[in-house]
Amino acid sequence: MATLYIDNKPYEVKAGKNLLETCLGLGLDLPYFCWHPSLGSVGACRQCAIKVFKDETDTRGRIVMACMEPVADKQRISIAHPDAVEFRANVIESLMTNHPHDCAVCDEGGSCHLQDMTVMSGHNYRRFRYNKRTFQNQDLGPFINHEMNRCITCYRCVRFYRDYAGGRDLNAFASRSNVYFGREEDGPLESEFSGNLAEICPTGVFTDKTLKEHYTRKWDLTMAPSVCQHCSLGCNTIAGERYGELRMIANRYNGEVNGYFLCDRGRFGYEFTNSDLRIRQPFISKFPVTKQQVLAEVATDIKKGKVIGIGSPRASLQSNFALKQLVGADRFFHGVSDNDHNIADLIVKILKEGPIRVASMHDVQQADAVLILGEDLTNTAPMLALAVRQAVKQQPMKKLAKANIPAWHDAAAKELLQDEKGPLFIASINTTKLDDVATATYHAAPDDIARFGFAIASCLDRSVPSVSNLPGELQSLAQRIADALSNAERPVIISGASSQTQSVIRAAANVAWALHKKNKNTGLAYTLAECNSMGLALMGGHRLNSAFDAVMNGHADTVIVMENDLYRHGKAADVDAFLNKAKKVIVFDHIVHRTVEKAHVVLPAGAFSESDGIVVNNEGRAQRYFQVYECHEPIQESWRWIVDISKFENNVGMGWEHFEGLTRTIAEAEPLLRDINRVSPPASYRIAGQKIPREPHRYSGRTAMLANINVSEPKPPVDPDSPLSYTMEGYKGLPPSSAIPFFWTPGWNSVQSVNKYQEEIGGSLKGGDPGIRLIEPNLKSTLSYFTELPEPFVPMKDHLWTVPLFHIFGSEELSVLGDAVAKRAPQHYIMINALDAAEQKLSENQELAFDVEGQLYRLPVKISTTLPKGLAGLPYGLPGLPNVELPAWLIYKK
């Protein structure tokens, strides 16, 4: 610790940080533009000027940039010194000479960092009377709007986009005093993290184009803490609503999960909640009915029928458990393919019974050596890929201490390290976007990837079964990887479900366990398919094919399907036969899909924005998403429908009516979920007798919005399930971290206000980051190495071993229903190796007819030089593309 005197007042602070970060961490206001906690310091904007004095006798001092000056013990600085104040005022006035007077029409107006810093610097009158510099804007695709005239050349955008996220198509183009930030030509931004520019940019140069389509001032949004629904990582979000529809997703800081950023699928995939495909009323035999009619119908079906329930990996724990209670544990089935079911069970067993702590995304960022087995992270778990990009910087950063360069000094660090990268090894089916920062890559069939993983584990620990007939070059690479992992301080092994092969999961566990014997800091991370795949696996249930068998064999005749399109998890012919055989098919969901179209009864479920629920991410972290706005009748959560059905059936109900009672029941009934009632504060929680407002204190239009119905403001709805209110009235201070609906503090109206909510800048939120970890290492683990080696892949004549290929835009079920994401989704295709294409005399985009597991396809060919010979890649989950369980053999059809 060090003693720092700020305007003659002593503070005990942490040594090693820069003065800007330290001042902000103390709650002091000091303006800045170019600095960001995740990007470090470059001193480009000159806005954070302060005075530094030699000692208490120095009255003159010198002006320095706080972001570039390290903390020193007994150091004396001044933020309020007239020279520093004048310097900052001159800088902001200079920046504003070319900034347009368009705050009233700017998307960021009122929530703008530039506005806040201008006010903070005291600049309130413009003296500049000459022509302003102007630029032509670019079309940057469906996600980001471009208004270059607002730029203040802080360079944050390109530093994030290129240096942090690895993008290459956005750059700074300069001629004399003119600097332009954009692409060399119009076109969609290629990075999967481009949406973060809307929050990184301190002005309105880059803004959310999807928000612009139905624009609302951010202070006029009703907001609530939420969790991303589009992959298994559980990134924290803020969801904002106006006029009964979701209008924006913004980042909600969680130091252990997504930090300051989101991927584009998570940020822009929300539009499905406003889709024309939404189910907004109950149906019986495709005819709309009232709520009472549908409750009577379903209650009768349950009484008379032999009922089974099919859950969902995209439904909350509450909804899955309610269905399980309604039908009985022995008649509850996971709504995933048997292969997905087995993989999820295997991952839970490895993480729950093994000795290794599950690595969070923050842990991955801090790793100094990474091995990825079988995953294309950019397309299956994008924010984990972003974490890996930061991990490759960790080992080179160790050189900074020897050169006496602090880690936050980004400019000096880049000069010293240049493009040096730490060890990252990737074994994947095809090329990935992380290959550009990888030390070495290996592309092979899933079973060969597994064998390679077993070989690495054997190099680490000779008691692991060795792999015979491994080519010498691969054996050398395995040894090289083992050496790099052994020499690391914080190694992490990453694998997951996308290869659809259990042997890859086992291989990753073997590597991690072998490494853990030498290094207790070893981390292991698995990705899964959907937002609550881990929660569903922890809850337990039977396989989907067993549900099919129960109906086909007459053991069940009534099926309740909850928030699940079975055609995404089973073969179309099998699902058709199952649904046709069932006497009654009852579906709860919020979106129309093929299973809904086959249903006899449809009940409109709430989307995540209209619901309260808990989901469990890939590391076993249980997190709650809160209802953003009241559902429009008769839409409600699936679990609430089940409560109403139970009441209608027996006049008693399920023993609970509200979220809190249901969650408490789950904790008591499910051993692996016993801690979930600690995820968020109870509904009775109050601060100074007040609820936490979902609306900022500047919220406007409460009467005007409904004046066409009634000129009197209606009584706001009451939320019985959370400590949040649906109004702007409530406690204005700091709420618990899991219940923060938006970030705001006096003088800080933009997202930069998050620094006021943190224990220290870039650290955890005050009171700890949201979520409860349900999985901790078993220090007394008796698990032994997996010993069953898969056979090496051998190509078969006139056949191709077909594997799933994932796309960040298109493979996930819900996000692709929004217009913006749909524009980035690929067309249908089949990918094959160039040598296989030559053998079949196929050319690029030529149509190919083939059969996979009895499913006929006719798709254009995409030829690859990196996909291994003998393999074919079929896009997973694209709308309109029939599902088939992969990997499986493709057979050419003439």
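Here is what the cut-offs are and how they apply
- Residues numbered from 1 in each chain as written.
- Predicted model: local features only at pLDDT ≥ 70, side-chain atom pairs only at ≥ 80, totals over all residues.
- Heavy atoms only, no water.
- Helix = DSSP H or I, 4+ residues; strand = E, 2+ residues; numbered from the N terminus.
- Rg over C-alpha atoms; globule rule 2.2 N^0.38 Å.
- Buried < 20%, exposed > 50% of the residue type's maximum accessible area, 1.4 Å probe, protein only.
- Contact = heavy atoms within 4.5 Å.
- Areas by Shrake-Rupley, 256 points an atom, 1.4 Å probe, with all protein chains shown as cover.
- Lys, Arg positive; Asp, Glu negative; His and termini not counted.
- Charge placed at Lys NZ, Arg CZ, Asp CG, Glu CD.
- Phe/Tyr/Trp six-rings, centres within 6.5 Å; stacked < 30°, edge-to-face > 60°.
- Lys NZ or Arg CZ within 6 Å of the ring centre and 35° of its normal.
- Pairing = 2+ DSSP bridges.
- Axes fitted to C-alpha atoms, helices over the stretch in contact; angles between N-to-C directions.
- Core = buried A, V, L, I, M, F, W, Y, C linked by side-chain atoms within 4.5 Å.
- Domains from an automatic or database assignment.
- Arc of directions from axis to C-beta.
- Salt bridge = Lys/Arg side-chain N within 4 Å of Asp/Glu carboxyl O.
- Parallel < 35°, antiparallel > 145°, perpendicular 65-115°, else oblique.
- Nonpolar A, V, L, I, M, F, W, Y, C, P; charged D, E, K, R; others polar.
- Left-handed = near helix turned anticlockwise from the far one by under 90°.

Caption draft 1: Spotlight on the overall build of the chain. Of the regular secondary structure elements, the chain holds 26 helices and 35 strands. Its C-alpha radius of gyration of 28 Å places the chain within 12% of the 29 Å reference for a compact globule of 894 residues. Viewed in the frame of its principal axes, the chain has a C-alpha envelope of about 90 × 80 × 55 Å. Burial statistics for the chain: of 894 residues in total, 63% are counted as buried. Nonlocal contacts in the chain, meaning residues at least 24 apart in sequence, comprise 74% of its contacts between residues at least 6 apart. A total accessible area of about 34,100 Å² is found for the chain, and carbon and sulfur atoms account for 49% of it. In the chain, 96 side chains carry a positive charge and 102 a negative one; their mean positions are 3 Å apart.

Caption draft 2: Layout of the packing of aromatic side chains. Overall, the coordinates contain 22 aromatic pairs when judged by the stated rule. Ring geometry for Tyr32 versus Trp748: centroids 6.1 Å apart, planes at 35°, classification tilted. Taken together, the residues Tyr32 in the loop between α1 (19-25) and β3 (49-53) and Trp748 in the loop between β28 (724-725) and β29 (772-773) connect sequence positions 716 residues apart. Residue Trp748 is classed as buried on the basis of its relative accessible area of 0%. Consider the rings of Phe143 and Phe809, whose centres lie 5.4 Å apart with planes at 55°: the pair is tilted. You can see Phe143 sitting in the loop between α3 (113-120) and β6 (144-146) and its partner Phe809 sitting in the loop between β30 (799-805) and α25 (819-824), a full 666 residues away along the chain. Put simply, the rings of Phe160, Tyr164, Tyr253, Tyr260 and Phe261 touch in pairs and so form one group of aromatic residues. The ring of Tyr699 carries Arg242 above its face, with NZ or CZ at 5.0 Å from the centroid. Lying across the ring of Tyr567, Arg594 places its NZ or CZ 3.9 Å from the centre.

Caption draft 3: Spotlight on the sheet that holds β30. Around the barrel, which closes on itself, the 6 strands sit in the order β30-β34-β31-β33-β32-β35 with mixed pairing between neighbours. Across the sheet, the axes of successive neighbouring strands diverge by a mean angle of 45°, strand direction being ignored. One ladder, built from 4 bridges, connects β30 with strand β35 (residues 888-892); its direction is antiparallel. Along β35, the bridge assignment pairs Thr802 with Ala888.

Caption draft 4: Local environment of the nonpolar core. In terms of nonpolar packing, the biggest core is built from 109 residues, with Ile456 and Ile676 touching the most fellow members. At 10 residues, the largest contribution of residues to this core is made by helix α18 (residues 502-516). Structurally, this core is a two-domain feature, drawing no fewer than three residues from each of domain 2 (342-534) and domain 3 (799-892). Dropping the residues within four chain positions of it, Ile676 is found in contact with Leu317, Ile614, Ala622, Thr663, Ile666, Ala667 and Leu774. By size, the runner-up hydrophobic cluster in this structure holds 96 residues, among which are Ala239, Ala367, Cys531 and Ala820.

Caption draft 5: Structural view of helix α14 (residues 394-402). For α14, the complete set of buried residues consists of Gln394, Pro396 and Leu400. Taken around the axis of α14, the buried residues stretch over an arc of 150°, which confines them to a single face. In α14, the exposed positions that point more than 90 degrees away from the buried face belong to Ala401 and Lys402. Tucked into the core, α14 has its buried residues touching α11 (361-366), α13 (382-391) and α15 (410-417).

Caption draft 6: Region of interest: helix α20 (residues 544-552). Residues of α20 that are buried: Leu544, Ala547, Phe548, Ala550 and Val551. The buried residues of α20 occupy an angular sector of 160° when the element is viewed end-on, so they sit on one face. The inward-facing, buried residues of α20 contact β15 (307-310), β16 (332-333), α10 (338-353), β22 (558-562) and α21 (572-581). Gly554 occupies a position one or two residues after α20 and carries a positive phi of about 85°.

Caption draft 7: Up close: the pattern of salt bridges. As enumerated under the stated definition, the model contains 51 salt bridges in all. When the shortest N-O distance is used, the salt bridge between Asp410 and Arg159 registers 3.5 Å. Taken together, the residues Asp410 in helix α15 and Arg159 in helix α4 (residues 156-164) connect sequence positions 251 residues apart. For Asp410, a relative accessible area of 17% gives the class buried. Residue Arg159 is classed as buried on the basis of its relative accessible area, which comes to 7%. Its salt-bridge partner being Arg694, residue Asp719 comes within 2.7 Å of it at the nearest N-O pair. Note that Asp719 is positioned in the loop between β27 (692-693) and β28 and Arg694 in the loop between β27 and β28, a separation of 25 residues in sequence. Here Asp719 falls in the buried class, since its relative accessible area comes to 4%. Among the residues examined, Arg694 registers a relative accessible area of 0% and is labelled buried. Salt bridges here are not isolated pairs; linked through shared partners, they connect Lys14, Lys17, Glu21 and Glu760.

Caption draft 8: Layout of the packing of α14 against α15. For the pair α14 and α15, the least separation of the axes is 10 Å and the interaxial angle reads 105°. In terms of orientation, α14 and α15 fall into the roughly perpendicular class. Here Pro396, Met397, Lys399 and Leu400 of α14 come into contact with α15, specifically with Ala413, Leu416 and Leu417. Partitioned by chemical class, the residues of the contact of α14 with α15 number 6 nonpolar, no polar and 1 charged.

Caption draft 9: Expanded view of the packing of α20 against α21. Packing of α20 against α21 brings their axes to within 9 Å, and their N-to-C directions diverge by 45°. Considering their axes alone, α20 and α21 lie oblique with respect to each other. Handedness of the crossing formed by α20 with α21: left-handed. On α21, the residues touching Ala547, Phe548, Val551 and Met552 of α20 are Asp574, Val575, Ala577, Phe578 and Lys581. Here the residues of the contact of α20 with α21 are counted per class, giving 7 nonpolar, no polar and 2 charged.

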